[in-house]
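Tertiary structure, described
Each chain, written out:
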Protein chains: 2
Amino acid sequence: MEFIDGTWEKETCGWDVLMSEKMLGREVCVDGAIHSIRNMGDVAFIILRKKEGLFQCVLEKKETDLSIHQIREAMTVRVKGVLLKEERAPHNRELCICKLEILSVPAEPLPIAIDKWKLNTSLEAKLDYRTVSLRNVRERSKFKIQEALARAFRDYLYGQGFTEIHTPKIGSKGAEGGANVFKLAYFHKPAVLAQSPQFYKQMMTGVFDRVFETGPVFRAEKHNTKRHLNEYTSLDFEMGYIDSFEEIMAMETGFLKYAMELLEKDYEKELSILKIKLPDVSRIPAVRFDTAKELAAEKYHRKIRNPYDLEPEEESLIGRYFKEEYGSDFVFVTHYPSKKRPFYAMDDPEDERYTLSFDLLFRGLEITTGGQRIHDYETLRKKIADRGMSEEGMEQYLDTFKYGMPPHGGLGIGLERLTMQLIGEDNVKETCLFPRYMNRLEP
Amino acid sequence: MEFIDGTWEKETCGWDVLMSEKMLGREVCVDGAIHSIRNMGDVAFIILRKKEGLFQCVLEKKETDLSIHQIREAMTVRVKGVLLKEERAPHNRELCICKLEILSVPAEPLPIAIDKWKLNTSLEAKLDYRTVSLRNVRERSKFKIQEALARAFRDYLYGQGFTEIHTPKIGSKGAEGGANVFKLAYFHKPAVLAQSPQFYKQMMTGVFDRVFETGPVFRAEKHNTKRHLNEYTSLDFEMGYIDSFEEIMAMETGFLKYAMELLEKDYEKELSILKIKLPDVSRIPAVRFDTAKELAAEKYHRKIRNPYDLEPEEESLIGRYFKEEYGSDFVFVTHYPSKKRPFYAMDDPEDERYTLSFDLLFRGLEITTGGQRIHDYETLRKKIADRGMSEEGMEQYLDTFKYGMPPHGGLGIGLERLTMQLIGEDNVKETCLFPRYMNRLEP
């Protein structure tokens, strides 16, 4: 009987070994994709793309009977040779090839030149050839940054006593109601895709006190802007027994601090490729919605058109204000008007026109919406009735409150937006692996 | 200007402080839900439910002017009092209440008795009142075990150089084809929900070499069995530059080892509540599909009806065989027949009727399907043609292979099934927070 014990010896060596001093002058075996070839006649440079970065190999006619003409870009190969010190090469080393085994051969030349530092193709072309354009080193590194953000979110919250949950994406009714839901047939019954895990995460504070989820959400919005996706990854948490809604903002700030530390520690390479300067998140200013509007209007000579709404340009100006006045890339805008928040938002007992809620703006763009929720059954029912809404389809949600719920609140962060602002991209489609918007369902 | 700095001082103390020796004899403040009340006349015991467990408080008439009649189950409260050593109480301590603040009041008594050790209600009733039944300490602990498994999967793979990806759940065509897809309208275009991230994770091995995803998958199967869900959480990984398909099995075994270590280290409480004895995963037997069938048929005197298929009873007997003969709860069954695997599975060059693939059985139930995939463009097209399938809707997938792909393979693990087998439940609906099956779309 054969047994599998969880270990595996590879003949090829990993990046760490390749970069170590002790391997210089020794024979190594390494695999990768041929990223580019520079043929100089007697010598050819073959650049391998590995997950950690690019690595230079050199093919010298006198060292091998292999012909450069057998080798093409986008082949995947296993190369053997001696690792030599070479100060003109990246990482001060190169592999002098003595043997090259071809693992796979492309059927056609690449449709876009991925070995350019910055792809100079249109966004649409990049997305049409997404699985190829992502092979560009700069493009793919965006998604390592994205990985770090989701990873930091979970790790920080595990440490704060949160439980991870997985809530269903198919349900009988959307959490936020309204028209922006995708509809489907579930074995002949009408169903919708979840716009957010809102109801579920709230209900689960009665079970686990603190919960989080990182998963897809679906919005059938007919927007086609640089800020919207029809499917995106939402980082959601909800916490019970809060003292006030400011405690939620403190938890988010703690996460951001942790995320920046993780990026600095484990994602140095990608930060450097993308030339990202990490923002200071040690203290984030918090300002009331109405005050924020006034400050921006006054400083930038802009008339307040609608006192109950924040237009995108206003968000941008508020971001600019807090950067200029306080040096902060982030600002919490608190106490949003009640009529602009969903029914479950808790109104401010001191002025019921406003809610105990907030948005977090990062460089002038909303990346988070959060706040305290109503936890009392009758208050919740009254708010639903006052808004002329129906309880239909919300029976299970409301029942949970009937049986007692702790004071609680939480937030949702758009992962692609957070990534976009951190990297300095101007379109959220750039920071989604396979974006879904009105005109795109593929690849 | 107010600033948020990521710290928050709570008046209430956490579980660790409550359990520490230094707090005995001192005044503490603690919050939680009233899980149960035992009124003995002069004394009443109030059991608080906190996320970490149950905690006993005692209300003595002579110590406070608070009446036990004001207090009800399912209230959430903040309690102040002195922490006393009490050997008859769990954790050898109880809080002698001097002040009790009511945070929220339920509108009705609970519909099920959640303070029982084991809920003696039907599965359907449990699911109908899911947000209440999960407040039972034993019920909720199942999902901490589930958390540990997903967490271990990610943490282990980060350490093995994998990149986390988020792939779209709405697409133009299902990865596996066939009828078992949920259909929806995407802005008047036909679309489907992803049955798995199969195509995406494969395509991403050409970018990141090694990728993983933990997310929902959707199967419109008209089953209603103890093993099936119509929406579940899939733990998927895919790795490039593999030496053979056994390397994938080694990676999975490494994950399982890591998961058991994490459970032992951080989830001791839940293991003890659920009386889980962790299985030995230090070495897992691997056996060919045809041999496994023969071994089970011979030992248990069962006729082989179909040499190309494994029936559930056969899986169960193979599991039993390897438990009895080798003491293993797990067994890898390898070399599944080609006709039972999807087109992208790589056939065994030594016998093309079989594939370089495997299932992992855990206590007689399949919890993983995996294997090596075809990475050569023409081979892939030929297999599609040989099967009489159409390339329509797979253009982007096939194009990726046209432009070169490394040898690769991977697997998918059903999180709910893995949890179910580890806990020893007999129905997968027990280990899904909000299960979706043919007759259930709520809560």
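Residues numbered from 1 in each chain as written. Chains lettered and ligands numbered in written order. Predicted model: local features only at pLDDT ≥ 70, side-chain atom pairs only at ≥ 80, totals over all residues. Heavy atoms only, no water.

Using the following cut-off: UniProt positions are given in the numbering used here, feature names are shortened, and annotations may be inferred rather than shown by experiment.
Per an unreviewed UniProt entry, the recorded name for chain A is Aspartate--tRNA(Asp/Asn) ligase, and the organism is Faecalicatena faecalis. Looking at the Subcellular location (unreviewed entry) heading of the UniProt record, one finds this comment for chain A: "Cytoplasm". Recorded in UniProt for chain A, the comment headed Catalytic activity (unreviewed entry) runs: "tRNA(Asx) + L-aspartate + ATP = L-aspartyl-tRNA(Asx) + AMP + diphosphate".

Focus on the packing of helix H10 (residues 377-386) of chain A against helix H11 (residues 395-402) of chain A
All names here are of chain A. Short version of the rule: Structural elements are reduced to axes, namely lines fitted to C-alpha atoms, with helices fitted over the stretch in contact, and the angle between N-to-C directions of any two is expressed from 0 to 180 degrees. By the criteria applied, helices consist of DSSP H or I runs no shorter than four residues and strands consist of E runs no shorter than two, each listed in order from the N terminus. By definition, residues are in contact when any of their heavy atoms lie within 4.5 Å. Side-chain classes follow a simple rule in which Ala, Val, Leu, Ile, Met, Phe, Trp, Tyr, Cys and Pro form the nonpolar group, Asp, Glu, Lys and Arg form the charged group, and the remainder, Gly included, forms the polar group.
Axis separation between H10 and H11 bottoms out at 8 Å; the angle between their running directions is 145 degrees. Contacts between H10 and H11 pair Tyr-377, Leu-380 and Ile-384 from the former with Tyr-397, Leu-398, Phe-401 and Lys-402 from the latter. A class-by-class count of the residues in the contact of H10 with H11 yields six nonpolar, no polar and one charged.

Topic: the interface of chain B and chain A
What counts is decided by this rule: Accessible surface is computed with a 1.4 Å probe, and the buried area is the amount of it that two parts give up when combined, taken over both parts together. Here, a salt bridge means any Lys or Arg side-chain nitrogen found within 4 Å of an Asp or Glu carboxyl oxygen. Whenever a nitrogen or oxygen atom comes within 3.5 Å of another N or O atom, the pair is scored as a polar contact, on the condition that within protein one atom can donate a hydrogen and the other can accept it, and that pairs from neighbouring residues in sequence are kept only if both atoms are in side chains.
On the side of chain A, 127 residues touch chain B, which itself brings 127 residues to the contact. Note on chain B versus chain A: buried area summed over both sides is about 10,700 Å², and carbon and sulfur give 60% of it. Put simply, chain B and chain A have ten salt bridges between them. At the surface where chain B touches chain A, the tally comes to 68 residue pairs in polar contact (both at pLDDT 80 or more).

A word on the state of the cysteines
For clarity, the cut-off: Working definition: a disulfide is two cysteine sulfur atoms within 2.5 Å of each other.
Under the counting rule described, the total for this entry stands at zero disulfides over all chains. Of all cysteine sulfurs in the structure, the one in Cys-13 of chain A sits closest to Cys-29 of chain A, which takes part in no disulfide; the separation is 7.3 Å. We note that Cys-96 of chain B lacks a disulfide partner, and the nearest cysteine sulfur, in Cys-98 of chain B, lies 7.8 Å from it.

A look at the relation of the copies chain B and chain A
Formally: To line up the copies, we fit them by least squares on C-alpha atoms, keeping just the residues with pLDDT of at least 70 in both.
After a rotation of 180 degrees and a shift along the axis of 0.0 Å, chain B superposes on chain A with an RMSD of 0.0 Å. The relationship between the two copies is best expressed as a two-fold rotation axis. Across chain B, the smallest distance between a C-alpha and the rotation axis is recorded for Leu-184 of chain B, namely 2.4 Å. In this assembly the copies share their binding face: 100% of the residues contributing to the interface of chain B also contribute to that of chain A.

So, the pattern of salt bridges
Just so we agree on the cut-off: Each residue's exposure class comes from its accessible area (1.4 Å probe, protein chains only) as a fraction of the maximum for that residue type: buried when under 20%, exposed when over 50%, partly exposed otherwise.
Tallied over the entire structure, the rule returns 92 salt bridges over all chains. A salt bridge links Lys-201 of chain A to Glu-238 of chain A; the shortest N-O distance between them is 3.5 Å. Placement of Lys-201 of chain A in helix H5 (residues 198-208) and of Glu-238 of chain A in strand S12 (residues 231-240) is noted, with a sequence separation of 37 residues between them. For the salt bridge of Arg-320 of chain B with Glu-324 of chain B, the shortest nitrogen-to-oxygen distance reads 3.0 Å. Taken together, the positions of Arg-320 of chain B and Glu-324 of chain B, both in helix H9 (residues 312-326) and four residues apart, correspond to about one turn of that helix. Judged by its relative accessible area of 41%, Glu-324 of chain B falls in the partly exposed class.

A word on helix H12 (residues 415-423) of chain B
Residues and elements named next belong to chain B. In terms of burial, H12 is largely enclosed, as nine of its nine residues are buried. Listing the buried residues of H12 in full gives Leu-415, Glu-416, Arg-417, Leu-418, Thr-419, Met-420, Gln-421, Leu-422 and Ile-423. Those residues of H12 that are buried lie in contact with helix H4 (137-159), strand S12 (231-240), helix H6 (246-266), strand S17 (357-362), strand S18 (365-373) and strand S19 (408-414).

Remarks on the side chain of Thr-253 of chain A
Residues and elements named next belong to chain A. Relative to the helices and strands, Thr-253 is located in helix H6 (residues 246-266). Residue Thr-253 is classed as buried on the basis of its relative accessible area, which comes to 0%. Side-chain polar atoms of Thr-253 contact the backbone oxygen of Met-249, separated by 2.8 Å.

Some words on the UniProt feature "binding site: L-aspartate" (unreviewed entry) in chain A
Residue and element names in this part refer to chain A. Mapped onto this numbering, the UniProt entry annotates "binding site: L-aspartate" (unreviewed entry) at Glu-176, Arg-219, Thr-369 and Arg-373. Turning to its location among the elements, Thr-369 is positioned in strand S18 (residues 365-373). You can call Thr-369 partly exposed: its relative accessible area is 32%. Here Thr-369 is in contact with Arg-341, Phe-358, Asp-359, Gly-410, Leu-411 and Gly-412, once residues within four sequence places are set aside. Of note is the side chain of Thr-369, whose polar atom sits 3.1 Å from the side chain of Asp-359. Of note, Arg-373 is situated in strand S18. The exposure class of Arg-373 is buried, given its relative accessible area of 6%. Beyond its immediate stretch of four places on either side in the chain, Arg-373 contacts Gln-198, Lys-201, Gln-202, Glu-238, Tyr-344, Met-346, His-408, Gly-409, Gly-410 and Leu-411. There is a polar contact of 3.5 Å between the side chain of Arg-373 and the backbone oxygen of Gly-371.

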